[in-house]
Amino acid sequence: MPAYHHGNLRSTLLAAAERSLRQHGAGQLSLRELAREVGVSHAAPRRHFADRQALLDALAEAGFARLHAELHAALVAAGDDFAPRLHAMAAAYLRFATEDAALLELMFAAKHREGAGHLVAAAGPFGLMHDLISQGQAQGVLAPGPPELAGIVLFATLQGIATLVNGNMVAPQLLDGITRTAVDQFLRGSRPR
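Anyway, here's the lowdown on the structure attached to this text. Numbering of residues starts from 1 in each chain and follows the order in which that chain's sequence is written. Owing to the predicted nature of the model, reporting of local features is limited to residues with pLDDT of at least 70; listing and counting of side-chain atom pairs is limited to 80 or more, with chain, interface and lining totals taken over all residues. Side-chain numbers here rest on the full set of heavy atoms in the structure, without hydrogens or water.

### Re the overall build of the protein
- Secondary structure counts use DSSP, requiring at least four H or I residues in a row for a helix and at least two E residues in a row for a strand, with both numbered from the N terminus. What the protein contains, in helices and strands, is nine helices and zero strands.
- Starting at the N terminus and walking to the C terminus, you meet the elements of the protein as α-α-α-α-α-α-α-α-α.
- To sort residues, take the accessible area from a 1.4 Å probe on protein chains only and compare it with the maximum for the residue type: under 20% means buried, over 50% means exposed, and anything in between is partly exposed. Looking at the protein as a whole, 40% of its 193 residues qualify as buried.
- When checking whether two residues touch, look at their non-hydrogen atoms; a contact exists if any pair is within 4.5 Å. Here the analysis covers contacts within the protein between residues at least 6 apart in sequence; of these, 68% occur between residues at least 24 apart.
- Here the protein has roughly 10200 Å² of accessible surface; of this, 55% comes from carbon and sulfur atoms. Note that accessible areas follow from Shrake-Rupley with a 1.4 Å probe, and for residues the cover is restricted to the protein chains shown.

### Observations regarding the side chain of Q135
- Relative to the assigned elements, Q135 resides in helix α7 (residues 125-138).
- When residues no more than four places from it in sequence are discounted, the contact partners of Q135 are D80, D81, F82 and R85.

### A look at the pattern of salt bridges
- What counts as a salt bridge is simple: a side-chain nitrogen of Lys or Arg found within 4 Å of a carboxyl oxygen of Asp or Glu. Per the counting criterion, the structure on display carries seven salt bridges.
- For R66, the salt bridge is made with E70, and the minimal N-O distance between the two is 3.7 Å. Of this pair, R66 and E70 both sit in helix α3 (residues 52-78), separated by four residues, roughly a single helical turn.
- A residue is classified by how much of its surface remains accessible, and R66, at 25% relative accessible area, is partly exposed.

### Focus on the packing of helix α8 (residues 147-166) against helix α9 (residues 175-189)
- At a minimum axis distance of 11 Å, the contact between α8 and α9 shows a crossing angle of 160°. One element, α8, and the other, α9, form an angle in the roughly antiparallel class. For the element pair α8 and α9, the recorded crossing hand is right-handed. Contacts from A150, V153, L154, T157, I161 and V165 in α8 reach L175, I178, A182 and F186 in α9.
- All residues other than Ala, Val, Leu, Ile, Met, Phe, Trp, Tyr, Cys, Pro, Asp, Glu, Lys and Arg, Gly among them, are scored as polar; the first ten of these are nonpolar and the last four charged. When its residues are assigned to classes, the contact of α8 with α9 shows nine nonpolar, one polar and no charged. Throughout, an axis means a line fitted to C-alpha atoms (over the contacting stretch in the case of helices), and angles, computed between N-to-C directions, take values from 0 to 180 degrees. We call two directions roughly parallel when the angle between them is under 35 degrees, roughly antiparallel when it is over 145, roughly perpendicular when it lies between 65 and 115, and oblique otherwise. Less than a right angle of anticlockwise turn of the near helix away from the far helix marks a crossing as left-handed, whereas a clockwise turn marks it as right-handed.

### Notes on the nonpolar core
- Definition of nonpolar core: a set of buried residues of the types Ala, Val, Leu, Ile, Met, Phe, Trp, Tyr and Cys, connected through side-chain atoms within 4.5 Å. Grouped together as the largest cluster of nonpolar side chains are 56 residues, with contacts concentrated most on L86, M89, Y93, M107 and L154.
- Of all the secondary structure elements, the ones that give two or more residues to this core are α1 (9-24), α2 (31-38), α3, α4 (82-99), α5 (101-111), α7, α8 and α9.
- Not counting the four nearest positions on each side in its chain, Y93 is found in contact with L67, L71, L104, F108, F126, F155, L158 and Q159.

### What about the environment of G160?
- With respect to the helices, strands and loops of the structure, G160 is situated in helix α8.
- Sequence separation between G160 and L94 is 66 residues, and the spatial gap between their C-alpha atoms is 10.0 Å.

### Examining the environment of A83
- Mapped onto the elements of the fold, A83 is located in helix α4.
- Sequence separation between A83 and V141 is 58 residues, and the spatial gap between their C-alpha atoms is 8.5 Å.

### Concerning the packing of aromatic side chains
- Aromatic pairs are defined between Phe, Tyr and Trp rings, using the six-membered ring for Trp, whenever the two ring centres lie within 6.5 Å; interplanar angles under 30 degrees are classed as stacked, those over 60 as edge-to-face, and all others as tilted. Taken as a whole, this structure holds two aromatic pairs when the rule is applied.
- Relative to F155, the ring of F108 lies with its centre 5.9 Å away and its plane at 90°, an arrangement referred to as edge-to-face. Of this pair, F108 sits in helix α5 while F155 sits in helix α8, and the two are 47 residues apart along the sequence.
- Overall, F155 belongs to the partly exposed group, its relative accessible area being 22%.
- Through a chain of ring-to-ring contacts, three or more aromatic side chains come together here, namely Y93, F108 and F155.

Take a look at the structure:
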């Protein structure tokens, strides 16, 4: 029996779309193909997604929610001390960025599309990074100043590492060591003077 009759067609379509995104990229996503894959009529997905862009936006929004949940879980598991929290968040972000590179790319592209204000609001994971930088500054571990600037430097570092791994310029098995080194260097370079 098709998933639609169980009342979960939207989540079934999103899961199928995410699998397709990983395998083929956003350019190959088609509501008609997804309907065929999950065993419903080609019109059934339109009850949940007005068009392909609505599906892509829903994927991006779900991606931001999952990234936020993964970063939050990493922060909670790391305890209260700033340095372990920073290491945990960086590792969780890079795990997501390298395992779901196509989804992350879609998330960033969709966030900057005109009319995508709801996706900007969904980009909560970056608020966690801001809050963590603020914690480090409040504890005197990081130099005072606008947390956004330190956050941009940290994010650029992490995103650069993800790009190197995703582009096959750095072997994935080196990711953990590179992440530790990058965070340690960020901490040393961001100490109060």
